[in-house]
Amino acid sequence: MAEARGPSIQLRDVWKDFVKRGRRVEALQAIEVAVEVNEFAALLGPSGCGKSTLLNMVAGFDRPTRGEVLVNGVRVERPDPSRAVVFQEPALFPWYTVLDNITFGPKTRGLRPAAYQPRVDALLEQVGLEGFESHYPAELSGGMKQRVGIARVLVMEPQVLLMDEPFGSLDAQTRLVMQELLLSVWERHHQTVLFVTHDVEEALLLADSVSVMTARPGRIKKRISVELPRPRALELTTSAAFNDLKREVLSLIREESRRAAAQSGG
Amino acid sequence: MPRRGPWFVLLPLALLFLWHAAVTRQWVAPGIIPAPSQVAESWYRWIFGAAGTSLSPYSGTWLANVLYSSRRVLQGFLIAAALGIPLGLFIGWNRLVSNLVDPSIQLLRPVPITAWLPFSIAVFGIYDTGALFLIGLGAFYPIVVNTTHGVRDTNLLLLRAARMLGASETTILGKVVFPSALPSIFTGLRLGIGVAWTAVIVAEMIAVKSGLGYVLWDAYYVGRMDICVATMCSVGMLGFLSDRLIHGASRILLRWRALEAHG
Ligand SMILES: Nc1ncnc2c1ncn2[C@@H]1O[C@H](COP(=O)(O)OP(=O)(O)O)[C@@H](O)[C@H]1O
Ligand SMILES: [Mg+2]
């Protein structure tokens, strides 16, 4: 985006508490995140550390207790098609066919079929959904559902793509296929991506930077740059450079879990 | 559904035989309960009329009474659906509407429609309007309550998905909340049509002078138990038929859901 100055996604001193049955739960503390335009940023952390909470605030589903969330310099107030979300559960509309799910956004914006049909056709091809247009979500496998979930937001040409463990509920093989698919799709579209995961290899394979989070209350422990060549493919995960980075991240995680254990023990 | 084969006719046949035996062997006092064959014969005459001239007031009047009752049920049911579905959508969707309307509905709902009968006659007189009021009111409650439940059960994730795709609240209500609530709405409609048949019989027995409910009460009065039983069977069949119709409509409209169950 030509008009964007500074980072695409920015969280400034963001805190988030939840009140649950009268008790306050601190989910996030003093979060500072900056994702540059067209950067693929991964957020890595154990489950329950507040990754979804953080992403939901960028999406506009939730507000921070303190601090501010900016996207392209504008404070996030509500959900918007410029900030697309791919959920862990595919969250497709079960009463619509694949095609109707993908065209939901463009139709809602009042676009004419002529305006979006070429993009829909191209996306169906890119994510490998050709021939499945008239299927209902219930007839698709988990991986296919996620492809629809990705296609239906890419068709909106969002500035920012938010992904919350999108491959987390897929089996290992399908996950690998989907990671490569996402890489190839991202090479074409080059949006800013914030990708949440608890899988170290997934984060390193996909992202330009990996922010490692602490256990709850979630803070950003360290941001690691992943300077591996693109375009990337699965074979990258066997390279020496990849394994050096993996070792670095794993030691961070080990250090963090030791600290957490010592804290809850004492 | 697995094929059931012809076995399901066994129990009805056994009951029919038991009924026949109870009458012919006089297990019950004679003259009170008619034999199945007698009911069948009277029912036949009631439908097709008797050969030659007949003095029976029931001869050939079946269809007319079926149409009276069916029309009332249909009208009352459509009114109930036309009011109950939109209202249920708004109660489920909007906190303000819910706080405003829901308590009154919950307060009035326990009053049985039979208890509304004197009120209905006093206000509407012995006309069709009174019957429609009772039928509509009876069918309205299950429709509005189930629609409300369906709306409140809408998956939060689907609402978020729609919002991030840029859908307005109106679009969400029409394209997400309504289809998501549709299975529950159909449950309400099926319960509603059942209540509607109950209400039409009650209303016709007391408040209007036509239809199957009127025939039922009238036949009882003149001691024609055979016609009473034939009427009961007729109402049962019509109730079953209307339920199948709604069920069939739901099967077509909720095709996506059948796939889910088998997938
Ligand atoms: N709506 C909510 N109400 C109360 N607590 C919540 C809510 N959402 C999340 N939490 C709590 O905040 C913490 C972080 O949750 P979440 O962001 O879902 O973690 P993650 O996505 O990293 O697994 C958890 O302890 C969770 O129980
Ligand atoms: Mg999560």
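Remember, predicted model here, so these are calculated numbers, not experimental data.

Student: Just give me the short version of the environment of Glu255(A), but keep the residues and values in it.
Tutor: Residues and elements named next belong to chain A. Looking at the secondary structure, you find Glu255 in helix α8 (residues 240-265). Residue Glu255 is classed as partly exposed on the basis of its relative accessible area of 46%. Residues Glu255 and Thr214, 41 residues apart in the sequence, show an inter-C-alpha distance of 10.0 Å.

Student: Explain the sheet that holds strand β8 (residues 192-197) of chain A to me, using residue names and the numbers behind them.
Tutor: All names here are of chain A. Pairing is mixed across the open sheet formed by six strands, whose spatial order is β6-β7-β8-β3-β9-β10. Each edge of the open sheet is held by one strand with a lone partner, namely β6 (83-86) and β10 (220-225). Adjacent strand axes in the sheet meet at a mean angle of 15 degrees when their direction is disregarded. Bridging between strand β3 (residues 40-44) and strand β9 (residues 209-213) involves four bridges; their strand directions are parallel. Of the residues in β9, the one forming a bridge with Ala41 is Ser209. In the packing of helix α5 (residues 142-154) onto the sheet, the strands contacted are β6 and β7 (160-164), and the crossing angle to β6 comes to about 175 degrees.

Student: Give me the lowdown on the site of ligand 1, citing residues and values where you can.
Tutor: Residue and element names in this part refer to chain A. If you check the shell around ligand 1, you find Phe18, Lys20, Ala27, Pro46, Ser47, Gly48, Cys49, Gly50, Lys51, Ser52, Thr53 and Arg216 and nothing else. In this structure, an oxygen atom belonging to ligand 1 sits 3.1 Å away from a main-chain N or O atom of Gly50. Arg216 places a polar side-chain atom, nitrogen or oxygen, 2.6 Å from an oxygen atom of ligand 1. In isolation ligand 1 exposes 560 Å². Once the protein is present, 70% of that is buried. Every element with two or more residues in the shell around ligand 1 is listed here: β1 (9-20) and α1 (51-59). Ranked by residue count, the leading element in the shell around ligand 1 is α1, at three residues. In the shell around ligand 1, the residues fall into four nonpolar, five polar and three charged.

Student: Could you give me a rundown of the pairing of β8(A), with the residues and numbers involved?
Tutor: All names here are of chain A. Most of β8 sits out of view: six of its six residues are buried. Pairing of β3 with β8, which is carried by five bridges, proceeds in the parallel orientation. Considered in β8, the bridge of Phe40 is made with Val193. Summarising the sheet, β7 and β8 pair through five bridges and their orientation is parallel. Residue pairing for β8: Asp164 is matched across the bridge by Val196. Following the backbone out of β7, through helix α6 (residues 172-189) and into the adjacent parallel β8, one traces a crossover that is right-handed.

Student: Provide a residue-level description of the pattern of salt bridges, including the pertinent values.
Tutor: Between side chains of opposite charge, a pair can form when the charged atoms approach closely. Counted by the stated rule, this structure contains 26 salt bridges over all chains. In this structure, Arg259(A) and Glu256(A) form a salt bridge, with 2.7 Å as the shortest nitrogen-oxygen distance. Remark: Glu256(A) and Arg259(A) occur in helix α8; sequence separation between them is three residues, near one turn of the helix. Here Asp243(B) ties to Arg190(B) by a salt bridge, and the two come within 3.0 Å at their closest N and O atoms. Remark: Arg190(B) occurs in helix α8 (residues 169-206) and Asp243(B) occurs in helix α10 (residues 225-253); sequence separation between them is 53 residues. Taking the relative accessible area as the measure of exposure, Asp243(B) reaches 18% and is therefore buried. A cluster of three or more residues bridged by salt bridges with shared partners is formed by Lys221(A), Glu255(A), Glu256(A) and Arg259(A).

Student: Report on the interface of chain A and chain B, specifying residues and quantitative values.
Tutor: Facing 25 residues of chain A, the contacting portion of chain B comprises 20 residues. Carbon and sulfur atoms make up 77% of the area that chain A and chain B hide from each other, which totals about 2,100 Å². The interface formed by chain A and chain B includes zero salt bridges. Looking at the side of chain A that touches chain B, the elements that each hand over two or more residues are β6, α3 (104-108) and α5 of chain A. Taken together, the residues of the side of chain A that touches chain B sort by class into 17 nonpolar, three polar and five charged.

What counts and how
- Each residue is numbered by its place in its chain's sequence as written, counting from 1.
- In the order they appear in the text, chains get letters beginning with A and ligands get numbers beginning with 1.
- Per-residue local features of the predicted model are confined to residues with pLDDT of at least 70, and side-chain atom pairs are confined, for both listing and counting, to 80 or more; whole-chain, interface and lining totals are unaffected and use all residues.
- Here the side-chain values reflect all heavy atoms present in the structure, with hydrogen atoms and water set aside.
- Helix and strand labels come from DSSP, where a helix needs a run of H or I of at least four residues and a strand needs a run of E of at least two; each type is numbered from the N terminus.
- The rule is simple: take the accessible area with a 1.4 Å probe, protein chains only, and divide by the maximum for that residue type; under 20% is buried, over 50% is exposed, in between is partly exposed.
- Only when DSSP finds a minimum of two bridges between them are two strands counted as paired.
- To get an axis, a line is fitted to the C-alpha atoms, and for a helix only the part in contact is used. The angle between two axes follows their N-to-C directions and goes from 0 to 180 degrees.
- Should any heavy atoms of two residues lie within 4.5 Å, those residues are counted as being in contact.
- Distances are taken per atom, and a residue is near a molecule or strand as soon as one of its heavy atoms is within 4 Å of it.
- Pairs of N or O atoms are called polar contacts if they sit within 3.5 Å, as long as, within protein, a hydrogen donor faces a hydrogen acceptor (for residues adjacent in sequence, only side-chain-to-side-chain pairs).
- Note on areas: Shrake-Rupley with a 1.4 Å probe; residue coverage comes only from the protein chains shown.
- In this count, Pro and Cys sit with the nonpolar residues alongside Ala, Val, Leu, Ile, Met, Phe, Trp and Tyr, while Asp, Glu, Lys and Arg are called charged and the others, Gly among them, polar.
- For the handedness criterion, the strands are oriented away from the viewer, and a crossover whose path from the first strand over the helix to the second runs clockwise is classed as right-handed.
- Note on definitions: salt bridges are taken to be side-chain nitrogens of Lys or Arg within 4 Å of carboxyl oxygens of Asp or Glu.
- Buried area counts how much accessible surface, traced with a 1.4 Å probe, disappears from two parts once they are put together, with both parts' losses summed.

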